[in-house]
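Here is what each chain is made of, one letter per residue.
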Amino acid sequence: MKLSRKANLAMLVAFLAIGFIFMLPFLWMTLSSIKPEALIRGNPEQLFPTRVTMGNYVSLFSQIPFFRFLINSFIFAGGVTLSSLLLDSMAGYAFAKLPFKGSSVIFILVLVTMMVPFQITMIPLYLIMNKFQILNTYAGLMLPRLTNAFGIYFMRQSFLSIPNELMDAGRIDGVGETGIFFRIMIPVVVASLSTLGVFHFMYNWNDFLWPMLMTNTVEMQTLPVGLALFQGEHVMEHGPMFAGAVLSIVPILIIFLAAQKTFIKGIALSGIKG
Amino acid sequence: MKKIVVLIVLIALVTGLYAGGTQETGKKTVVFWNGYTGPDRPVLEELVEQYNAAHTDIEIKMEIMPWDTLFQKLMPAMIAGNAPDLIAMSVGRYAEYAQAGKLASLDDLIKSSKTLDVNKLVPGMIAAGNFEGKQYAMPMAFAALVMYYNKTLFKEAGLDPQKAPATLAELQDAWKKLIKKDSSGNVVQYAQAIGVKSTVPMVPVFMWMYGADYLKDGKSIINSAEAVTAMKMLADAFKMGVSPVGLTGQEADNLFAAGKAAIEFNGPWAINGFRGAGIDLGIAEVPAGPKGRKTWGGDSVLCITEGSKVKEAAWNFIEYWNSLETQRHWALNVGFPPTRTDMADDAQLKAGNPDIVHFLNSAPYSVLFMAEEPKAGRIDAEVLVPLYEAVTRGTLGAEAALKAADAKLTALLAE
Amino acid sequence: MSCFAAGYDDSVGVKEGELVRKKTMDRTIALAGIRMVLPSMLVISIFVLYPIVQSLWMSLHDWNILRNTKDFLGLANYAKAFGDERFVRALTNTLVYTLTYVPSLVLGSLLVAVFINYQFTASGFFKSLLFLPAITSMAIVAIIFRFLLDGDIGLVSIYLRNLGLPVKDFLRNPDTAMASVVFTGVWRWLGFNMVIILSGLNSIPDSLYEAAEIDGAGRVRQFFSISLPLLMPTMSFVIITNLISSFQVFDQIYVMTKGGPLFSTEVLVYYIYYRGFNVFDMGYASAMAFLLFCMILVLTLIQLKGFRSSERNGDYS
């Protein structure tokens, strides 16, 4: 669909305005991460620093074991994402294309799990983890997240829009159901998978409540929990916290941009065009 | 592809089962939770390291997290039987846990202590740590509210920067001079940043100036003639533009640090931040009101949990903590006054931290606000904050607001 | 029973041999379905459903850990909620939040996705830019907004003042606090939902649009006759998931307003959290959580039924 010059310009202008509103908080945060603490609360608040310092980044690395937190976050978010992609797509596919007795009821049950606030269920969950003796371990952190209701729902929707012909062809060819799933269906939904992967990674990377509850020691804690160490009772050290936030965005951004590439490749491969 | 994924997940799970801390045998491990994040943390960590190095039979395993987090985790930990041995908590919060039987009584440990003499510690804090006749909490950090003022803004307003207001009357006079408005009548400079929620108690200082108070013997005395006068004064002050309405403690701090408010009641932790923000900082004790001078005192106490198996070891740390050397180090590096009363003439202390004299002077008349009241947190959130907001916003008159607060408070206490 | 999957064509006139083969096929498929669903269901049953059941059990008791009580109360906690003024107010606030947040978010992300899909200059850059807010943790976002929206020293207030517009103390004023919290939520999640809708848009074949263009349909017409109908599965997903999460909003309120000022932004989950963690009344808190859950469930079921027919239409071949 080609755009006329006028339409193109109109959209560009509109998005520049929207973009500014979206950028402003980030710009402020990034610039604040190189301001000395006093300027962050300065009078008046200024976007651009009059004095620049890398002190916040130095504090970030010297005051907390930043790399340890980073690694823990990678293991947690990465492991959970990989597992979730597998399990979510399997379940989503089954709900979409492999009907069995009671599957719609079970699907509703899955949705139901999204409807109870985590603040309430985290206490019983914590007690279960305690019983299994896996508090403060990677296993404890990751087990409840190996699959995810949102992911299952998302993949189901993706699979729903795939024509049945593809499955029929596979069945006629004598490819087993598992084969159909891995060799025919997955390649078609690669775009959705990479999108979901970014979402899962992002959500678990930034999750605070669950890792905070499950971990006690620095060896196991993730980045958001670590950055909270700069939040004093009376005094908040905004500078290092923003520096930490800036750095913690970087990995996700890279993953997001990389996923974009698969995105485009995925569409080309799915053979939907034309 | 699938096999790799499964392999990775399996590896993660298996390593996970072995990760996360092993216990050292032969040493008594004391798990210590506290909320000293922020700039105080390195000092605390250093002191704990020194302790661990000096003791071969005891190891303090400290876990630091924001206070919110600490209390969120404490509940499930207690249910699961994983509670820490030693907990620091704000002096206003321990009573709840003491009442529920979750804290150990320290009386025997105090009696048999060879190094710790309770009479040398701030009496207000010791009294506050005593619940229903038993001592459950020992002082960890003591702080009092003093009055910070911006000397530059004082000079501009024609006030003497060396002479801070010493009485309420002088304070009110200063307010009038410090408020600056622009052409459309909006306030561009406030006289005093007064926080009403999520804050150290600033409003109570004013209540105490008039001789009003909140609780007595477990009953509400909030609806008194003195309280009405105090609230009316505040309502008028806010209308005049002394402070923005609805400030949290943090916002009040930010306002003062930004130079947009000339005065703030705050504690010792704020000094470095304010000076770092370039404020020409004046420190003085809070002004005296018509019925006297009282300020808020408090901060944190150390408690031992009832279920702890290493109570003596934990007590040993408490003794260490309140010792002369530790308190000196703490006071010098963090800026809090010491928990001991015998350091008023400590030369090192005075030389290293000249500001401390204001806090030391405030200690005798500091009140530990609602310290032994288990429902203190709820009272603040459900009765006091709505009261302050209603009065300062002008949505309710002082009498009506106090009457409603009194009713709510009585109902809450009866629950 | 196979209402959620595009099923086989059970049309009449199938020969008996084929019928038997089809039944065997159905069984193989059903077994495969169960196999594929099993791992997830295992994890969810143990780690999500079981805690939910336990919370339900808690809600029937006077479960206060500080008082060590566990008396059975039956439905008393539930009845208590309806007489609790604060619960009712939290419910109202939650509804206000949802009714403001969900339409703004859904319409906003739809519009933005459609425009970005037109691929104007640098649209790829804007796509990443709008997604950026979702990448940061909500706690940090809330802290940033708290600074920016401060009525006295916040950047937003300063800019507005410079432009001569009226400045309100956004977070401290009961009239504007809710709007500010909604705005923060929309700011955070717009890009996220936009990406979801974009992936839905991308799966619509270009050939359909080309055919429509040949037939003389303009861009707007194309949107309403092609994009929108075929986006139904995606849109239903977006609306339902955002409804579910908006009823449970908590993070930004906890950091930005703590339910204030004057309880104007206290939503259900915040009150539930307060009762559970500050009053330690886990029984009552769980009961309220289940009332919330029932509301969400009813709403979701209604939505699913409504969208089901459009989903079946969405199954094109």
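Note that this is a predicted model, so its numbers are computed, not measured.

So, how was this worked out
- Residues numbered from 1 in each chain as written.
- Chains lettered and ligands numbered in written order.
- Predicted model: local features only at pLDDT ≥ 70, side-chain atom pairs only at ≥ 80, totals over all residues.
- Helix = DSSP H or I, 4+ residues; strand = E, 2+ residues; numbered from the N terminus.
- Rg over C-alpha atoms; globule rule 2.2 N^0.38 Å.
- Contact = placed C-beta atoms within 7 Å.
- Nonpolar A, V, L, I, M, F, W, Y, C, P; charged D, E, K, R; others polar.
- Core = buried A, V, L, I, M, F, W, Y, C linked by C-beta atoms within 7 Å.
- Buried ≥ 20, exposed ≤ 12 C-beta atoms within 10 Å, placed from the backbone.
- Domains from an automatic or database assignment.
- Pairing = 2+ DSSP bridges.
- Axes fitted to C-alpha atoms, helices over the stretch in contact; angles between N-to-C directions.

> How do you make sense of the overall build of chain C when you look at a structure like this?
Regarding its fold elements, chain C presents 13 helices and two strands. What you see for chain C is a C-alpha radius of gyration of 25 Å, clearly larger than the 20 Å of a compact globule of 317 residues, by over 25%. With the principal axes as the frame, chain C shows a C-alpha extent of 70 × 60 × 30 Å.

> Would you take a moment to explain the interface of chain B and chain C for this structure?
One frequent convention defines the size of an interface as the accessible area lost when the parts assemble. Contact residues are listed per partner, giving 21 residues for chain B and 18 residues for chain C. Elements supplying a minimum of two residues to the side of chain B that touches chain C: α3 (67–80), α11 (249–257) and α17 (376–393) of chain B. Ranked by residues supplied to the side of chain B that touches chain C, first place goes to α3 of chain B with five residues. Of the residues that constitute the side of chain B that touches chain C, the class distribution is ten nonpolar, five polar and six charged.

> Looking at this model, I keep getting lost on the nonpolar core. Mind explaining?
Generally speaking, soluble globular proteins have nonpolar side chains that are buried together. Tyr-93 of chain A, Tyr-94, Leu-302 and Cys-303 of chain B together with Met-288 of chain C are the most contacted members of the largest nonpolar core, which totals 316 residues. The leading source of residues in this core is helix α4 (residues 66–97) of chain A, at 16 residues. Here Cys-303 of chain B is in contact with Ile-87, Met-89, Tyr-94, Leu-103, Tyr-136 and Ala-137 of chain B, once residues within four sequence places are set aside.

> Would you mind going over the environment of Lys-168 of chain C with me for this structure?
Here Lys-168 of chain C shows up in the loop between α6 (155–162) and α7 (174–202). Once the C-alpha coordinates of Lys-168 of chain C and Gln-252 of chain C are considered, the two residues, 84 residues apart in sequence, prove to be 19 Å apart.

> Would you take a moment to explain the domain arrangement of chain C for this structure?
All names here are of chain C. Assigned domains within chain C: domain 1 (16–59) and domain 2 (78–314). Contacts between the two partners involve four residues from domain 1 and, on the opposite side, six residues from domain 2. Looking at side-chain class alone, the side of domain 1 that touches domain 2 contains two nonpolar, two polar and no charged residues.

> Help me understand the pairing of strand β14 (residues 295–304) of chain B in this model?
On a regular strand, one side chain projects to one face of the sheet and the next to the other, so that they alternate. All names here are of chain B. Of all ten residues in β14, ten are buried; the element is thus mostly enclosed. In this structure, strand β6 (residues 138–144) lies alongside β14, joined through six bridges in antiparallel fashion. Residue Ala-141 lies in a different strand from β14, and its bridge partner there is Ser-300. Looking at chain direction, β14 and strand β15 (residues 366–368) are connected through three bridges and run parallel. Bridge pairing in β15 places Gly-297 opposite Leu-368.

> Which parts of the structure should I look at to understand the pairing of strand β1 (residues 61–64) of chain C?
Here β1 of chain C shows a clear split, with His-61 and Trp-63 of chain C buried on one side and none of Asp-62 and Asn-64 of chain C buried on the other. Connecting β1 of chain C to the next strand, strand β2 (residues 69–72) of chain C, in antiparallel fashion are four residues, including Asn-68 of chain C with a positive phi near 55°.

> Sorry, what's going on with the sheet that holds strand β9 (residues 187–192) of chain B here?
Strand pairs in the sheet, formed through backbone hydrogen bonds, run parallel or antiparallel to each other. Residues and elements named next belong to chain B. Read from one edge to the other, the open sheet built from five strands follows the order β8-β9-β12-β7-β13, with strand pairing classed as mixed. Looking along the sheet, the strands with just one partner apiece sit at the ends: β8 (180–181) and β13 (281–284). Its contacts with the sheet place helix α8 (residues 168–178) against β9 and β12 (261–266), and it is angled at close to 165° to β9. Strand contacts of α11: β7 (146–150), β9 and β12, with the helix running at about 140° to β12, the strand carrying the most contacts.

> Mind showing me how you'd approach the interface of chain A and chain C here?
Listed per partner, the contact involves 81 residues of chain A and 85 residues of chain C. No other element matches helix α1 (residues 5–32) of chain A, which puts eleven residues into the side of chain A that touches chain C. Among the residues forming the side of chain A that touches chain C, the class breakdown is 58 nonpolar, 16 polar and seven charged.

> Looking at this model, I keep getting lost on the environment of Arg-51 of chain A. Mind explaining?
Residue and element names in this part refer to chain A. When you line up the elements, Arg-51 lands in the loop between α2 (37–40) and α3 (55–63). When the C-alpha atoms of Arg-51 and Leu-39 are compared, they prove to be 8.0 Å apart, with twelve residues separating the residues in sequence. Excluding its chain neighbours within four sequence positions, the residues that come into contact with Arg-51 are Pro-36 and Leu-39.

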